[in-house]
Structures are given as structure tokens and as C-alpha cells.
Amino acid sequence: MPLYVEKKPDVLITEDGVRTDGRLPHEIRPIRMTVGILDKADGSAFIEWGGNRILAAVFGPREVHPKHLALPDKALIRTRYNMAPFSTPERKRPGPDRRSVELSKVIREAIKPAIFVENYPGSVIDIFVEVLRSDAGTRVAGVNAASLALANAGIAMRGLVAACAVGRVENFIICDPNHDEDMWGDADMPMAMLMESEKITLLQTDGPMTDEQFKEALEMGRRCIRFLYEMQKEALKRPYLIVERSVFEQGEV
Amino acid sequence: MLLVKNREVVVPGQALAKGKFKPGKDVYIDNSGVLRAKKLGLADIKDNTISVVPLSGIYIPKEGDIVIGIVSKISGSTIIVDIRSPYQGAIPIPRGRTVERVDMSKYDLHLGDVILAKVKTFDGSSSLLLTIDMEGLGKLEEGFILEVEPAKVPRIIGKRQSMLSILREKTKSEIIVGNNGRIWVKSPSLKELLALKKALRKIETESHVSGLSDRISSFLSEELSD
Amino acid sequence: MMFNSEMLTHKLLREYIKDLVANDQRVDGRGFDEMRPIEVLNGTFTKAEGEAWIKLGKTQVLVGVKADIGEPFPDTPDKGVLVSNTELLPVASPTFEPGPPNENAIEIARVVDRAIRSADAIGLSSLVIEEGKLVYMLFLDMYVLDHDGNLEDALTIASLIALGRTEVPKVILKEDGEIEVKEEKWKVDLRDMPINFTFAKINGKLLLDPILEEENVAEAAITLAIDKDRRVCSIQKKHGHFTMEEIINAAGIARDKWSEVAEMIKEVI
């Protein structure tokens, strides 16, 4: 029995392209990335993106149990995407559902091309994405967080994987759909790219787009991903800059 | 053409240089000939070679490394040792003629014992052989084990053991540092051990900022003054 | 897989911690009756009706309370429903595996739940909309994010804060049987503050709020909940054994500690 009822907004986007949260088509929601927030995990990252709160943690490379799953020449990559019961307006029963299983795989396929798996034969790298609060775009937020967590764990990678979703609302191609746009919009396209080669490692579409719209969406996605990549780099370097500054300041005293 | 400065913090995939440079540790060359970092770390430029000194990462064994391990399983012929790595170390228990050549008392080990060992051979994926036959290797008695980021071990030891000497002198402790990020410590009292723990955390977080030795020296003097 | 290398506590750790205890010391420098610092994070991290993300030393837990409405349990038609669940997330420790709650997770959930229920901290009878037909249901979901020991106490504190912050839309059952959800909200009335205190026994001595290393080395452990009237309201002996004196002693220490923790919780709610 739901205590919260969703209502479709009367207008999803104005003629001038103003969206339900006041953004213009190319704008992304406020976002903040932090690394190293967990002590026991080998690497971790936390993303606050719009209303999303997503935690990623990495363990590995570590020993595989059961042993027969180990690959002789490369690391095994395991990924789990999980939504907390309190992450949605109506409580979500704990445990994997079909959507979580699919997203776990999609996220793994997005990240795996970045990892130098041949560097860690016979081992496993476990990636956990925990959605604490869901607000549209959790899988791409998960990919962004997972990349950060892997780098934070000191794992050898070709580059970071940055991700963003693009959508279509009527004739507008929009970046980073919010909840209303995700629910009631006309198309949704999550994307991820391995930087800096910009090779696409995640691409899904849900909803029709003409050839022109599709190309525009890909280009919009690329631009947003570039922006997010800059944020990822800053998040990884930030702790070191903070320490540097504080040491410097202490020295002055 | 160099794209980064020496000791600059770089992220995986970051372009480090183009042209006549050689890729060192944790650096790769992409399809268009650009040298890129494989890990989050500090760019290290020596003549024409560019490496990355990682700021974190699990310990991957190297032949010749000294490691501190925990006995995790003993079968009839092998002692299995956990060295905080995805690869378990194995010490074959000597049989036959070999028994005469080694100190067999060293092999009187039990589950949970802490040992100082050397990496004899590692094939990179499944077979990791350790040895305790050399002088100074074997079971560690008393003391305590602290764990640090394996990537920070070189900094904790320092050039010509300079940092390690500071740690030993200031805390009046016996300290053995394993390449696998485990450190055996015997301190006069809990006070020194706690000060050492804090100093190690400080080294871990500030390893990329120069002047560390002096800071650690002052820090320990202050912590242990009365 | 319980016994991997992380769980295999090495002998030096065991001996060292025991030696320290014999000299009235702890491996992190705390006193035997001293709890680690508690930090409550600011911000919104969930879509729960009440939430709390806290740190107890380096242990980190996140608790969310979700509200729903439904039929009461047949044997308690005059009470609302409280369902407590704990997830030992794999992100929290190399020893936690993904999957349904194991016996440890279930025990922890029930220990926290028992403290709250035995003290009737949220007044389950006040959660009734219409007796026998419709009640409020509160789901207490406890997430362990980082395991550095003493999950029970951390989760209990976070749960009390989360419950104290819980606001639920008011629901009325109309005469025609229709359910109406109003805009107006009511806040959970935390009428008691049953706080769990866990002790680990090492070398015959009791240590409050054990850190992970102490937990791994302890020969016994016990958790006691104290309510606002300083009564012991629930107990769970974990592993090992205790003398009666030890337990009475522990209860005394817990009673003394109650106000300090209760004050902090009240301030934060």
C-alpha cells in the first residue's frame, strides 16, 4: 500500500527547453565525488548526483573462492549492483531482482575493458555498487563511482570510465535525465566511455530516436562524459592536494 | 615532449609524454604512441624513462622480497602462508637429504604463527615459493604486527633506511618492515607503539609531500615528550 | 566462507592484546570502560522516513526507517508492526559475502530489535490506525558499511536516531473502507532510549565497545541493553562464558554509561 503516489508533471519541458527542475537541455545536476570513504575496502568512492547517493567499493586483487573460478591468465572481475531497501520512495525488498542482475552485468561490461586484467592472473577483483538513494541515472553514477574506487584501490587501468545518461523529451535531447524525465520522457540512453580514448563501453537505449536525434544524443553524451571525467580526475587528486596544502600551512607556523 | 612534472599526481590513463621516452613501471604506450599512467600515483621522470609510483595497491610478490606472513595451513609436506596478497605463499617442508642442510627447528610452525620469510620464486600467477632458511628468517616471537599500504613501504624505509632509522630511534623500538606492508614492532611500552602507529599513518597520507623525514622526526619528538 | 586469511587472527595479535589487558591497557589506548568517539554525519543519504549514518570509531553504519501501512499480525491486532533487518554489506569487510543475511546478520538484527521492543521505545500500540484492520508498519533496515567492531551498539544508536527522526504521512481509514493518505505528518514518539552496550572478555577482563581486533581475540562477548530508567531490558550473550559477577559488573558499567550516550542521541535527533 503506497504512502506516496507519483504524479506526472503537466509540462516536462517548455518550448524554450526549460526542464522540470529548471535546467536547460545540456545541463547536468549538481554532483559531488569523494574517494576513500571506507576503511576496510581496498578502494571506495561516494557520489552525490542530484538526489542520488551511491557508494562503490573495490576489493582486490584477492584470492578467488571457490578456487575453480580462477582464470589462469587474468583476473576475474565480479560486479554487484544493489539497491538499499530505503533507496526508493516505496521500500524495496532486499535482495537481487532481475533489474539488479542485469545492471550488475552492464556495469561490469562497462568497466572491465579499462582494467589490465592480465596483470593479476588467478585473482579476483570484486566491485560493489550500493545505491543508498535512487534518483534516476543510478547505473551511470555506479560506473563513475566504480572507476574511482578501482583507481583508489591502486588497480592498473588503461583509463577511467566516465558515464552519463542522455534522454529525449519530445524534440529535445537532454543530458542527465531527472526522475520525471526518466519516468515520463520519450527515450533514455545511458552511456559510458573509457577515457581518454573515448571508446564506448556502455550503451543502452530505451525509447525511439531518429537518426539525427541519435547522433545528437551521442554527441551530447560525449560532452557530458568529458565534463564528468574532469570531475573524476579532480576527486582522485583532491586528497593529495589537501594534504599538501595542510602540510604547507603547518610549516608556515 | 613531457606532459607532466616530476612527482605530479597522475590518474590512470593520464598522458605523461609523447615521443622519445621509455615506459617504466606502471606506464603503458597507447595506440598513438602516447605514454600513459596505469595507476593513480606520482609521475617519476628519470632521464628518458617515465614511471609511476603508485599511491596504493595490493601487494604483488617479487622475487627477493622480504615478507611477513601468517601460517594459514599446514599439510604434510607444505606450509601455506598468507602474505596479504591474492597469492598464497608456500614453504615446502624439507625431506630426505635436505634435512641435514637446514635448521629444522625453524619448521616447527603452527597455525597463526607469524614468520619473516623471503620470496624465493614466483611465476606470476599460481606458484609462490617462500623460504625461511636464511639467517634472521623464521618465526617472529613477541612484538606486534602493524599493517600499512604496501605502496608506502619504500617511503617508510626511506633512502638508505633514513626514515626507518628515525622511527627506530625516536620510538626506541625494534622494527622490521616487510615489503608486503606488514611491519613487526617491539616497543618498550604501549605509548611508543601508539606513537609509531600515528607516525606510520602520517607517512601514508603525506608521502607525496617533500620534507617528510623532518616532519616525522618532529612529530615523534612531540608525541613522546613528557 | 568464514575462515579466510583475514579471519585467521595471528598469534602475536592475540598475545599482545592479552598482555596489554593484563596491564590494564587496550591496543588503541582507551580505558576499559571507554567508548570510541561517535560521529553522526550531516546530510540526506536515503529516501527513508528517518535515517542516520554514524561512525563509532571507524565502524560505519547507515540505518533507514521506511513506513508503510498494512494489516497487523494476527496475534497482536492492537499493535503496529516493526520489522528489523540487518545487511552485512560486502563493502564493509573482506569477510562479508554477498547474499541473504547469515546467522550473524540475523542475530544482530534481532538483538537491536529486542532492545527497542522490550523497552517499547516507539510505543507500538500508538501505531494503530484501526485495531485489527490497519496499522502503520515501520521497516528498520540496518546497513553495515564499514566493520571495525561492535556492530550491535553502533546499529542500535543509529536505529534510535533514525526512529527519533522518522516522520510519516498521516493515514485515516474512512467509513467506506477507503484509505486516505494526508499531507500532514506525524513524528515517531521515541518514549525510551534502550541502548546496547557490548563487552568483550579478554584475559578475564571486560572491555566495553570492542574494536575489531579485540573482537577477534575475545574469549567471550555479551551485549546488554539499558533503558531510560537504568533497567536492563535485554541481554544477549554471544560466544564464550561468563561468571554471574562478570555479568552484574557489566550491567553496572552499562548503566553508568547510559546517560552519556542518551544525551548525544537526544541532541542529534
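Rules used throughout
Residues numbered from 1 in each chain as written. Chains lettered and ligands numbered in written order. Predicted model: local features only at pLDDT ≥ 70, side-chain atom pairs only at ≥ 80, totals over all residues. Helix = DSSP H or I, 4+ residues; strand = E, 2+ residues; numbered from the N terminus. Rg over C-alpha atoms; globule rule 2.2 N^0.38 Å. Buried ≥ 20, exposed ≤ 12 C-beta atoms within 10 Å, placed from the backbone. Expected span 1.5 Å × (residues − 1). Contact = placed C-beta atoms within 7 Å. Nonpolar A, V, L, I, M, F, W, Y, C, P; charged D, E, K, R; others polar. Pairing = 2+ DSSP bridges. Axes fitted to C-alpha atoms, helices over the stretch in contact; angles between N-to-C directions. pLDDT = per-residue confidence, 0-100. Core = buried A, V, L, I, M, F, W, Y, C linked by C-beta atoms within 7 Å.

Undergrad: Tell me about the overall build of chain A, residues and numbers included.
TA: Each helix and strand in chain A was counted, giving four helices and nine strands. If you list the helices and strands of chain A from N to C, you get β-β-β-β-α-β-α-β-β-α-β-β-α. For 253 residues, the compact-globule estimate of 2.2 N^0.38 gives 18 Å, and chain A sits close to it at 19 Å. Dimensions of chain A, computed from C-alpha atoms along their principal axes, come out at roughly 55 × 50 × 40 Å. Classification of the 253 residues of chain A by burial places 51% in the buried group.

Undergrad: For helix H3 (residues 151-165) of chain C, give the residues involved together with the corresponding values.
TA: Since the α-helix packs 3.6 residues into each turn, any two residues three or four apart lie on the same face. A rise of 1.5 Å per residue sets the reference length of H3 of chain C, with its 15 residues, at 21 Å; its end C-alpha atoms lie 21 Å apart and thus fit the reference within 8%. In terms of residue burial, H3 of chain C counts as a mostly covered element, since 14 of its 15 residues are buried.

Undergrad: Tell me about the interface of chain A and chain B, residues and numbers included.
TA: Across the contact, 31 residues belong to chain A and 25 residues belong to chain B. Among the elements of the structure, strand E3 (52-63), helix H2 (138-152) and helix H4 (211-252) of chain A are those that each provide at least two residues to the side of chain A that touches chain B. When residues in the side of chain A that touches chain B are grouped by element, the largest group, seven residues, is from H4 of chain A. Here the side of chain A that touches chain B is composed, by residue class, of 16 nonpolar, seven polar and eight charged.

Undergrad: Please give an account of helix H1 (residues 98-111) of chain A that cites residues and values.
TA: All names here are of chain A. With 14 residues, H1 should cover 20 Å at 1.5 Å per step; its first-to-last C-alpha distance of 20 Å lies within 8% of that length. When we look at burial in H1, the residues that qualify are Leu103, Ser104, Val106, Ile107, Ala110 and Ile111. Where H1 is buried, its residues contact strand E4 (76-83), strand E5 (123-133), H2, strand E6 (161-169), strand E8 (187-194) and strand E9 (199-203).

Undergrad: Please set out the sheet that holds strand E11 (residues 220-226) of chain C residue by residue, giving values where relevant.
TA: As a general point, the strands of a sheet are linked pairwise by backbone hydrogen bonds and lie either parallel or antiparallel. Residue and element names in this part refer to chain C. In spatial order, the strands read E10-E9-E11-E12; together these four strands make up an open sheet with antiparallel pairing. Bordering the open sheet on either side are strand E10 (205-208) and strand E12 (232-237), each of which pairs with just one other strand. Taking each pair of neighbouring strands and ignoring which way they run, the sheet shows an average axis angle of 25 degrees. In this fold helix H5 (residues 244-268) packs onto strand E9 (195-202), E10, E11 and E12, with an angle of close to 50 degrees to the strand it touches most, E11.

Undergrad: Which residues make up the interface of chain C and chain A, and what values do they have?
TA: On the chain A side, the residues contacting the 34 residues of chain C number 25 residues. With seven residues, strand E3 (residues 59-70) of chain C is the single largest residue contributor to the side of chain C that touches chain A. Among the residues making up the side of chain C that touches chain A, the classes are represented as 19 nonpolar, six polar and nine charged.

Undergrad: Could you give an account of the confidence of the model for chain C, with specific residues and numbers?
TA: Here chain C averages 94 in pLDDT, and 97% of its residues register 70 or above. This complex was scored by the predictor with a pTM of 0.95 and an ipTM of 0.94.

Undergrad: Can you tell me about the nonpolar core, naming the residues and giving the values?
TA: Counting residues in each nonpolar core, the largest one holds 209 residues, and the members touching the most others are Ala56, Ala145, Ala149, Val161 and Ala163 of chain A together with Val61 of chain C. When residues of this core are assigned to their parent elements, the largest contribution, ten residues, is made by strand E6 (residues 134-146) of chain C.

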